[in-house]
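Per-entry structural report
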Amino acid sequence: MTHPTLKDAKAHLGRLIAFDTTSALSNRAIVDHMADYFAELGADITILPDDTGEKANLIARFGPAGTPGVVLSGHTDVVPARAVNWATPPFQMDERDGRLYGRGSCDMKGFAACVMAAAPEMARADLKRPLYLCFSHDEEVGCLGAPAIAQHLAALDVPPMLAIIGEPSEMKLVTGQKGKIAMRAHVRGTAGHSSFAPQHVNALEYAARIIGMIQDRGRAYAENGPFDHDFTVPHATMLATMIDGGVATNVTPDRCTFTFELRSIDETRARVDMDALLSEVENRMLPEMHAISPDTGIEWEEIFAYPAMGDATGTPGFEALRDILPEWGGKVSYGSEGGVFEVIGGIPSIIAGPGSIQQAHKADEFVEISQMDDCLHFLDKVVSSSATG
Ligand SMILES: [Zn+2]
């Protein structure tokens, strides 16, 4: 049966998509739009601006603050869209073939639109447990907004007992998500005529050797684990992703910069492994480099990191909602704010949201209307279970 508020959810989605909230831009307009809407329905509103004031997180609470509640969480930002690659303008919703097209339709304004459509029911219901509607900035560039939300919730007299992250999971229950550390390495060598190669420190060659070590680590994870077969790729992965260096075919490159990442299934181990790699590289390469020129070296820069989300099964919040949670769909390797809620806020988290991650971050992104419908039915259950306490 089609959910009665599906029409509202579509209308909300059309309005949300029309805000160009590419991560590089301000998200204040969409936050104000959503805050005004929830406030009008009687929600308690908290806006958490970032240091620049250009970005903000939104928390809207329905129901009493004094009991452990449930978080419904999404991000307001979207990845960039190049209109030339799209069949229809990316920031204008288009409905065709049972789908709603537009940047962010599935990742993850579709979920936000469903939450907005469900909000009048949250306002009407006599909630015994609060619902915290949390919408962050800058998820797509490394979960930069969510930590402030997690800290705010953790500091409440009675923090929430479970966070439901509405990232696209085809409305299946996801109970784990890999963490990620994204790094940049700057290798500093010495420049000179390439015919005098032995007298110089070739930054590109050192970078290549480090990348080889990164590849070895990646292979070791694949061979030796640790394994968690609930993930499609059942182990950590490590790889180099971008490289830049050298100025001419006959010049020894004095600079090489490359990026690499570690996606982990175990948060504590990720840090230990990364630190071990950096020390091993330095121990192996620096003496060699310094023997030729002391003014050489390697600098490491952490671009961003977000924690892995562990399995919430068995926690009080999960058990309280167990009967209404969707069918289990495994664990995922993409990033979400679930790990942030869990590690920074101490709030066990799960993922369940409309749409497929296959459609995210692509031209002609869409969400199936049937997925929005399923999400609305799920949110109904969340509201009624919060009303019965
Ligand atoms: Zn997302």
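A short tour of the structure in this document, coming up. Model, not experiment: these values are computed from the prediction.

Quick look at the layout of surface pockets
Here the largest pocket defines a volume of roughly 670 Å³. Secondary-structure elements contributing two or more residues to the lining of the largest pocket are β14 (297–306) and β15 (328–332). At 4 residues, β15 tops the list of elements feeding residues into the lining of the largest pocket. Of the residues belonging to the lining of the largest pocket, the class tally is 10 nonpolar, 13 polar and 10 charged. When residues of the lining of the largest pocket are assigned to domains, at least three fall in each of domain 1 (6–177 + 308–388) and domain 2 (179–306).

Notes on the packing of aromatic side chains
When we look at a pair of aromatic rings, we describe it by the centre distance and by the angle of the planes. Tallied over the full model, the rule gives 7 aromatic pairs. Through a chain of ring-to-ring contacts, three or more aromatic side chains come together here, namely Y37, F38, F62 and F135. A cation sits over an aromatic face here: R96 above Y101, 3.7 Å from the ring centre. Note that R99 overlies the ring of F366, its terminal NZ or CZ placed 3.9 Å from the centroid.

What to know about empty space enclosed by the protein
Under the definition given, this model contains 1 cavity of 30 Å³ or more. The volume enclosed by the largest cavity comes to roughly 60 Å³. Contributing to the lining of the largest cavity are Y221, P226, A236, S264, I265, D266, R269, A270 and D273. If one sorts the elements of the lining of the largest cavity by residue count, helix α6 (residues 267–292) sits on top with 3 residues.

Thoughts on helix α5 (residues 203–224)
An α-helix turns once per 3.6 residues; consequently, residues spaced three or four apart project the same way. Helix length check: α5, at 22 residues, gives a terminal C-alpha distance of 31 Å against a target of 32 Å (1.5 Å per residue), a fit within 8%. Taken residue by residue, α5 has A203, Y206, A207, I210, M213, I214, R217, G218 and Y221 as its buried positions. All buried residues of α5 project into a common sector of 145 degrees when viewed along the axis, lining one side. Exposed residues pointing more than 90 degrees away from the buried face of α5 are listed as E205 and E223. Contact partners of the buried residues in α5: β9 (179–188), β11 (237–245), β13 (255–264), α6 and β14. The N-cap residue of α5 is N202: its side-chain oxygen and the backbone nitrogen of L204 are 3.0 Å apart. Phi turns positive, to about 75 degrees, at G225, one or two residues after α5.

Section: the sheet that holds strand β5 (residues 99–101)
Read across the open sheet, the 3 strands follow the order β4-β5-β17; overall the sheet is antiparallel. Pairing within the sheet leaves two strands with one partner each, and these edge strands are β4 (94–96) and β17 (366–368). Along the sheet, successive strands turn relative to each other by an average axial angle of 25 degrees, direction set aside. Where β4 lies against β5, 3 bridges are found, and the strand directions are antiparallel. The residue bridging R96 from the neighbouring strand is R99, located in β5. Lying on the sheet, helix α3 (residues 105–124) is in contact with β5 and β17; it crosses β17 at an angle near 55 degrees.

Regarding the sheet that holds β14
Strands sit in the order β11-β13-β9-β14 across an open sheet of 4 strands; the sheet is antiparallel. The strands lining the two open edges of the sheet, one partner per strand, are β11 and β14. On average, adjacent strands in this sheet sit at an angle of 20 degrees to one another, irrespective of strand direction. As judged from the 9 bridges shared by β9 and β14, these two strands associate in the antiparallel manner. Bridge pairing in β14 places V187 opposite I298. Across the face of the sheet, α6 comes into contact with β9, β11, β13 and β14 while running at roughly 165 degrees to β14.

Rules and cut-offs
- Residues numbered from 1 in each chain as written.
- Predicted model: local features only at pLDDT ≥ 70, side-chain atom pairs only at ≥ 80, totals over all residues.
- Heavy atoms only, no water.
- 1 Å grid on protein atoms, 1.4 Å probe; cavity = no way out; pocket = protein on both sides within 12 Å on 5 of 7 lines; lining within 4 Å.
- Points joined across faces, edges and corners; volume = space filled by probe spheres on them.
- Helix = DSSP H or I, 4+ residues; strand = E, 2+ residues; numbered from the N terminus.
- Nonpolar A, V, L, I, M, F, W, Y, C, P; charged D, E, K, R; others polar.
- Domains from an automatic or database assignment.
- Phe/Tyr/Trp six-rings, centres within 6.5 Å; stacked < 30°, edge-to-face > 60°.
- Lys NZ or Arg CZ within 6 Å of the ring centre and 35° of its normal.
- Expected span 1.5 Å × (residues − 1).
- Buried < 20%, exposed > 50% of the residue type's maximum accessible area, 1.4 Å probe, protein only.
- Arc of directions from axis to C-beta.
- Contact = heavy atoms within 4.5 Å.
- Polar contact = N/O pair within 3.5 Å; in protein donor to acceptor, adjacent residues only side chain to side chain.
- Pairing = 2+ DSSP bridges.
- Axes fitted to C-alpha atoms, helices over the stretch in contact; angles between N-to-C directions.

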